Amino acid sequence: MNAENQNLNSTFQLGSRKELRELVRSQLQALLEQGDLQGAKAILVPVQPPDIAEAIEGLPEHMQAIAFRLLSKNEATEVYEHVNSSVQQSLLEVFRRQEVLDIIDNMSPDDRARLFDELPAKVVRRLRAQLSPSEWQATAILMGYEAGTAGRIMTPEYISLKEHFTVSQTLERIRNLASVTEMIYYLYVTDAARRLTGIVSLRHLVTAQPEETIGEIMTREVVYISTDTDQEEVAHLIQRYDFLAVPVVDSEKRLVGIITVDDVIDIIEQETTEDIYALGGVQSEGDNYFHTNLITVARRRVVWLFVLLITNTVTGTIINAQQDILQQVVVLAAFIPLLTGTGGNVGAQSSTVVIRGLNTDEIRLLGPVQVVWREALAGALLGSILGVMATVWAYFLQGRLGVAISVGFSLIAISVLASVSGSALPFLFRSLKLDPALMSAPFITTAVDVLGVLIYFSIARLILGF
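Residues numbered from 1 in each chain as written. Predicted model: local features only at pLDDT ≥ 70, side-chain atom pairs only at ≥ 80, totals over all residues. Heavy atoms only, no water.

**Examining the overall build of the protein**
This is how it is decided: Helix and strand definitions follow DSSP, with helices as H or I runs of at least four residues and strands as E runs of at least two, each counted in order from the N terminus. Contact between two residues is taken to exist if any of their heavy atoms lie within 4.5 Å; hydrogens are not considered. Method for areas: the Shrake-Rupley scheme with a 1.4 Å probe, in which residue coverage is limited to the protein chains shown.
Secondary structure assignment for the protein yields 23 helices and six strands. Based on the C-alpha atoms only, the size of the protein along its principal axes is roughly 90 × 60 × 45 Å. Counting only contacts in the protein whose residues sit at least 6 apart along the sequence, the fraction spanning at least 24 positions is 65%. Summed over its atoms, the accessible surface of the protein is roughly 24,400 Å², and 57% of this surface lies on carbon and sulfur atoms.

**Describing the sheet that holds strand β6 (residues 255–260)**
Pairing between the strands of a sheet is mediated by backbone hydrogen bonds and can be parallel or antiparallel. Put simply, the rule reads: Each pair of strands is called paired provided DSSP finds at least two bridges between the two strands. Every axis in this analysis is a line fitted to C-alpha atoms, fitted for helices over the stretch in contact. Angles between the N-to-C directions lie between 0 and 180 degrees.
Spatial strand order, β4-β5-β6: three strands in an open sheet with mixed pairing. Each edge of the sheet is formed by a strand with only one pairing partner; in this case those strands are β4 (225–226) and β6. Sheet topology places strand β5 (residues 245–249) next to β6; five bridges connect them, and they run antiparallel. Within β6, the position partnered with Val-248 by the bridge is Gly-257. Each of β4, β5 and β6 touches helix α16 (residues 231–241); the most contacted strand, β5, lies at about 135° to it.

**A look at the sheet that holds strand β3 (residues 196–201)**
Across the sheet, which stays open at both edges, the three strands sit in the order β1-β2-β3 with mixed pairing between neighbours. The strands lining the two open edges of the sheet, one partner per strand, are β1 (160–161) and β3.

**Overview of unusual backbone geometry**
Here is the rule we go by: Residue exposure (1.4 Å probe, protein chains only): buried if accessible area is under 20% of the type maximum, exposed if over 50%, otherwise partly exposed.
If you check the backbone angles, Arg-194 has positive phi at about 70° while not being a glycine. As for its position among the elements, Arg-194 is in the loop between β2 (186–190) and β3. Of the residues examined, Arg-194 reaches a relative accessible area of 39% and is grouped as partly exposed. Of note, the phi angle at Lys-253 is positive, near 65°, even though the residue is not glycine. Note that Lys-253 resides in the loop between β5 and β6.

**Focus: the layout of surface pockets**
Keep this limit in mind: Both site types are read off a 1 Å grid over the protein atoms alone. A 1.4 Å probe that fits but cannot get out defines a cavity, while an open set with protein on both sides within 12 Å along at least five of seven lines defines a pocket; lining residues have an atom within 4 Å of a point. Grid points are joined across faces, edges and corners, and a volume is the space filled by probe spheres set on the points. Residues are grouped as follows: Ala, Val, Leu, Ile, Met, Phe, Trp, Tyr, Cys and Pro are nonpolar; Asp, Glu, Lys and Arg are charged; every other residue, Gly included, is polar.
Size it by volume and the second largest pocket reaches roughly 230 Å³. Considering the residues around the second largest pocket, the lining is formed by 14 residues, among which His-236, Gln-239, Ile-268, Arg-356 and Thr-360 are closest to the centre. Elements with a contribution of two residues or more to the lining of the second largest pocket: α16, α17 (261–279) and α20 (336–360). Tallied by class, the residues present in the lining of the second largest pocket amount to three nonpolar, five polar and six charged.

**Focus on the pattern of salt bridges**
Put simply, the test is: By salt bridge we mean one thing: a side-chain nitrogen of Lys or Arg within 4 Å of a carboxyl oxygen of Asp or Glu.
The final tally for this structure, using the stated rule, is nine salt bridges. Arg-25 serves as the salt-bridge partner of Glu-22, at 2.8 Å between the closest nitrogen and oxygen. Within this pair, Glu-22 and its partner Arg-25 are both found in helix α2 (residues 17–34), separated by three residues, close to a single helical turn. For Glu-22, a relative accessible area of 42% gives the class partly exposed. The buried category is assigned to Arg-25, whose relative accessible area is 18%. The closest approach of N and O atoms between Arg-114 and Asp-263, which form a salt bridge, is 3.9 Å.

**Some thoughts on the side chain of Thr-170**
The residue Thr-170 is located in helix α13 (residues 167–177) in this model. Beyond its immediate sequence surroundings of up to four residues, Thr-170 is in contact with Leu-161, Phe-165, Leu-187, Leu-205 and Ile-214.

**Some words on the pairing of β5**
Counting buried residues in β5 gives five out of five residues, a clear majority hidden from the surface. Counted between consecutive antiparallel strands, the loop separating β5 from β6 contains five residues, among which Lys-253 sits at a positive phi close to 65°.

**Overview of a negative patch on the surface**
Using the following cut-off: A patch is a set of surface residues, each over 30% in relative accessible area and not in a salt bridge, joined within 9 Å for like charges and within 5 Å for the nonpolar side chains Val, Leu, Ile, Met, Phe, Trp and Tyr. A residue counts as positive if it is Lys or Arg and as negative if it is Asp or Glu; His and the chain ends are not included. The location of each charge is read from NZ of Lys, CZ of Arg, CG of Asp or CD of Glu.
Side chains of Glu-146, Asp-228, Asp-230 and Glu-233 sit close together on the surface and give a patch of like negative charge. In this structure, Asp-230 sits in the loop between β4 and α16.

**What to know about the packing of helix α4 (residues 49–57) against helix α6 (residues 73–82)**
The relative placement of two packed helices comes down to the angle between their axes together with the axis-to-axis distance. Selection rule: Left-handed is the label given to a crossing in which the near helix is rotated counterclockwise from the far helix by less than a right angle, and right-handed is the label when the rotation is clockwise.
At a minimum axis separation of 8 Å, α4 and α6 run at an interaxial angle of 65°. Pair α4 / α6 crosses with right-handed handedness. Along the contact surface, α4 presents Pro-49, Pro-50, Ile-52, Ala-53, Ile-56 and Glu-57, while α6 presents Glu-75, Glu-78, Val-79 and His-82.

Below, the structure written as structure tokens:
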């Protein structure tokens, strides 16, 4: 087994992280299937908790609890915080009561609050009754804030100082509290009423003279956020200033917690995932899509598919109303998919860049009118390029100049329509407090399909003289 561990260690140094995680998972599963619990325990020794968590997630469900019980109490808590919510819940169902309490009680308050959000209310009530009063109070404070705000994701585990503390006193305080706090690189200075008055970095602290006071070396201009600040705004702020953590204050500017960069990375991943799902018309509620049962998956996806079904019905009705021109120039019908498909792609491009710009504040210096005008010009340019190509192609296929010109001019008009819709709708939905990513895609499709067909037949009637 020692030779196998040495081989695994050398692989850890040479392979990619993805290959390492798969290697750990496969070897762990093989050892558990053989009943070699000591070997399975030994193979996890050099592995980092996030990698252990992913390895456990990849095991068959009946092996997950067995693998988890191989971990020490402290390591189990850290690994548990990294596994996804569905695996967390399944592990709770098979653990003995004391095992559950040991894990939950040792979790940081913000991770515990996040777990309780995912658990059924009945389970939360049972765990609440068995938690220590101090741990439950710390968690209850966080759960009292609205979901998705700074107050909900902050941790109350930080080190606070007073201005009269000396550097040597502060270093001793850090030694005593380091094991029960999440962040020691930033230290926060408060007054007698717990109001935030300054900040000291660990770097400045260790380079200062032992007899200097915190008031002499601290920075008084502090960037902070309020408990009701949206979590996405928190992520942008930490990203903009390259902070490791940011303090959170209440309405009276009292320091109540901090948000660390590792939590922000999780937020960015979560928000990006939600936006990508939304752009595809899939509702996301924050859990792992591929660990969600198919009934829930279908429920989330059917809403906008139903909207698009209705849209296609309306489009079909419009086409049916144009039977007089279609009976005389049947070939016009052949180009409808080309026009609506191209328009949909142009609109999707515009909405994607605008939604991303809204999320990253890249377009905060530009007003909605400027952005929409810019995208309209881009649509006209793209439509002109594609329109010329479509005209040539249509004439080559059908040999009718009038039809080819109708297709070309329609493509220009539809491209402008799609670009304007794709860039304007995200601003509209944001002003209505709706998710731009979730709402824009089906409405862009509706505008391009319905209005695009109307534009096409109107131009064709004008050019062909009907």
